[in-house]
Amino acid sequence: MTAALALGDDALVLSHRLGEWAGHAPVLEEEVALANIALDLLGQARVLLSLVGDEDELAYLREERAFRNVQLVEQPNGDFAHTIARQLYFSTYQQQLYDRLARGDGPFAPLAAKAVKEVAYHRDHAEHWTLRLGDGTAESHERMRRGLEALWRFTGELFEPVEGCEVDWTALHDEWLARITAVLDRATLTVPEGPRRGAWAAGAGRQGVHTEPFGRMLAEMQHLHRSHPGASW
Amino acid sequence: MVTPAPATPLETRLRELAGAVPDPELPMVSLAELGVLRALRVMAPGRVEVELTPTYTGCPALESMAADVEQVLHDHGIPEVTVRTVLSPPWSTDEISAEGRRKLAESGIAPPGPRAAGGPVAVDLTVRCPHCGSADTKLLSRFSSTSCKALRRCETCREPFDHFKEL
């Protein structure tokens, strides 16, 4: 179940990253919004990982190299604009991918049909903030630009075919780029021009190769379960 | 698709009991009014299977809904109850009954409007203030106290309120 693990890990890891905003968001409404998005993703992760095995064992007891999420979702939150850039890239991808999976008859169709409606709200949230920050003050514009630039090199990996997902990945990429371009255009921002992956990278998240911050994130996510095996509320 | 057998009188009665369980986060509406109780079947004497569907995939209320349904059926003489979660077809706010919508509004939560054909987000119909009835209300945030609600404010009476957003 390569695909269930890949999609489940994307949702789990991004959920954890968004959860890190709790207590740190710029305004109360965003505190609530980011936590709600994290909760939706956690629900999706639970369904997907349960297709593979025991959800808790998979989340808490796997080593870094066994995770199959794309590197984009493991990137640290940065400032709020950085998080919004990550949300824009990922939620646009997830919405378009799940929309395709929902129309197919594969094993993920029921979850995708349900989740795509939730993810539509995530994308809406990211697009609204991209417009506000991009077309806001000089400071907010610059921060949004920096976030988009910094994360651009992690976007190439999104369109590497995932075994078990019957999707036209080229068409998915073109649709994604068209949507991102349209949003950034309205936000008075431009699509970054740099490479879509690091030349130095020895592989990518789908192969279990992750960036340095991921290890620290996992340590925090897993330490309670590993310190107190079998503990429950 | 196999046409399900018509419900027996016992199934109808048990379904009424399970359907009357209040939603743990929105206790003014029942599971039947919310549209999340999908099926109830008597598999054998004393053995019942129930199908629930979550409003949102990550809805944390689902576990306590299942526990409450089990309890009420145990209390009415069914020793063996299995509650299954079904995702398909996906739940939508269109499944909330007219009575459920009325109760939400009465409790200060603006009920959802009809869903747009193009997806849940595109629609931006007027949402009336559940306190004063004014149509002059403003979206503050797409996300609110639970996954299923958005936060709005009434520009007439200035009260903030929750809106059960379309899904």
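The sections below set out a description of the structure shown in this document. (Residues numbered from 1 in each chain as written. Chains lettered and ligands numbered in written order. Predicted model: local features only at pLDDT ≥ 70, side-chain atom pairs only at ≥ 80, totals over all residues. Heavy atoms only, no water.)

### A closer look at the overall build of chain B
To keep it simple, the criterion reads: Runs of H or I in DSSP of at least four residues are treated as helices and runs of E of at least two as strands, each being numbered from the N terminus. Only protein chains enter the area calculation, which uses a 1.4 Å probe; residues under 20% of their type maximum are buried, those over 50% are exposed, and those in between are partly exposed. What makes two residues a contact is simply this: any of their non-hydrogen atoms within 4.5 Å. Here the accessible surface of atoms and residues is derived via Shrake-Rupley with a 1.4 Å probe, and residues count as covered only by protein chains that are part of the display. Asp and Glu are treated as the negative residues and Lys and Arg as the positive ones, with His and the ends of the chain left uncounted. Charge positions come from single atoms, namely NZ of Lys, CZ of Arg, CG of Asp or CD of Glu.
Per the secondary structure count, chain B includes 4 helices and 7 strands. Along the chain direction, N to C, the helices and strands of chain B fall in the order α-α-β-β-α-β-α-β-β-β-β. For chain B, the spread of C-alpha atoms along the three principal axes comes to 55 × 35 × 25 Å. Taken over 167 residues, chain B has a buried fraction of 47%. Long-range pairs, those at least 24 residues apart, make up 50% of the contacts in chain B between residues at least 6 apart in sequence. Here chain B has roughly 8,100 Å² of accessible surface; of this, 54% comes from carbon and sulfur atoms. Taken as two groups, the 18 positive and 22 negative side-chain charges of chain B have centres that lie 6 Å from each other.

### Thoughts on the layout of surface pockets
Over the atoms a probe the size of a water molecule is rolled, and this reveals where empty space is left. Quick reminder of the rule: Both site types are read off a 1 Å grid over the protein atoms alone. A 1.4 Å probe that fits but cannot get out defines a cavity, while an open set with protein on both sides within 12 Å along at least five of seven lines defines a pocket; lining residues have an atom within 4 Å of a point. Grid points are joined across faces, edges and corners, and a volume is the space filled by probe spheres set on the points. Under the convention adopted here, Pro, Cys and the residues Ala, Val, Leu, Ile, Met, Phe, Trp and Tyr are nonpolar, Asp, Glu, Lys and Arg are charged, and Gly plus all remaining residues are polar.
In this structure, the largest pocket occupies an estimated 1,400 Å³ of space. Elements that contribute at least two residues to the lining of the largest pocket include exactly helix 1 (2–19), helix 2 (28–50), helix 3 (55–61) and helix 9 (212–227) of chain A together with helix 3 (61–75) of chain B. When residues of the lining of the largest pocket are assigned to their parent elements, the largest contribution, 8 residues, is made by helix 2 of chain A. Of the residues that constitute the lining of the largest pocket, the class distribution is 17 nonpolar, 10 polar and 4 charged. For the second largest pocket, the calculated volume is near 360 Å³. Lining the second largest pocket, in full, are Val27(A), Glu29(A), Glu30(A), His125(A), His128(A), Trp129(A), Arg132(A), Leu139(B), Leu140(B), Ser141(B) and Arg142(B). At the level of secondary structure, the elements contributing two or more residues to the lining of the second largest pocket comprise helix 2 and helix 6 (109–134) of chain A together with strand 5 (137–141) of chain B. Here the element with the most residues in the lining of the second largest pocket is helix 6 of chain A; it accounts for 4 residues. Taken together, the residues of the lining of the second largest pocket break down into 4 nonpolar, 3 polar and 4 charged.

### Regarding the sheet that holds strand 2 (residues 47–52) of chain B
Residues and elements named next belong to chain B. Applied cut-off: The pairing criterion is simple: DSSP has to find at least two bridges between the two strands. Fitted lines through C-alpha atoms give the axes, limited to the stretch in contact for helices. The angle between two N-to-C directions lies from 0 to 180 degrees.
The 3 strands are arranged 1-2-3 in an open sheet whose pairing can be described as mixed. Each end of this open sheet is capped by a strand with a single partner; those strands are strand 1 (37–44) and strand 3 (80–85). In this sheet, adjacent strand axes meet at a mean angle of 20° when their direction is disregarded. Relative to strand 2, strand 1 runs antiparallel, the two being bridged by 6 bridges. Its bridge partner being in strand 2, Val 42 is matched across the sheet by Val 48. Sheet contacts for helix 1 (residues 9–19): strand 1 and strand 2; angle to strand 1, the most-contacted strand, approximately 135°. With respect to the sheet, helix 3 is in contact with strand 1, strand 2 and strand 3, its orientation differing from that of strand 3 by roughly 155°.

### Regarding empty space enclosed by the protein
All names here are of chain B. Summed over the entire model, instances satisfying the criterion amount to 1 cavity of 30 Å³ or more. The calculated volume of the largest cavity comes to roughly 70 Å³. Around the largest cavity, the lining residues are Asp 23, Glu 25, Leu 26, Leu 34, Thr 55, Cys 59, Ala 61, Met 65, Thr 146, Cys 148 and Phe 164. Taken together, the residues that form the lining of the largest cavity break down as 7 nonpolar, 2 polar and 2 charged.

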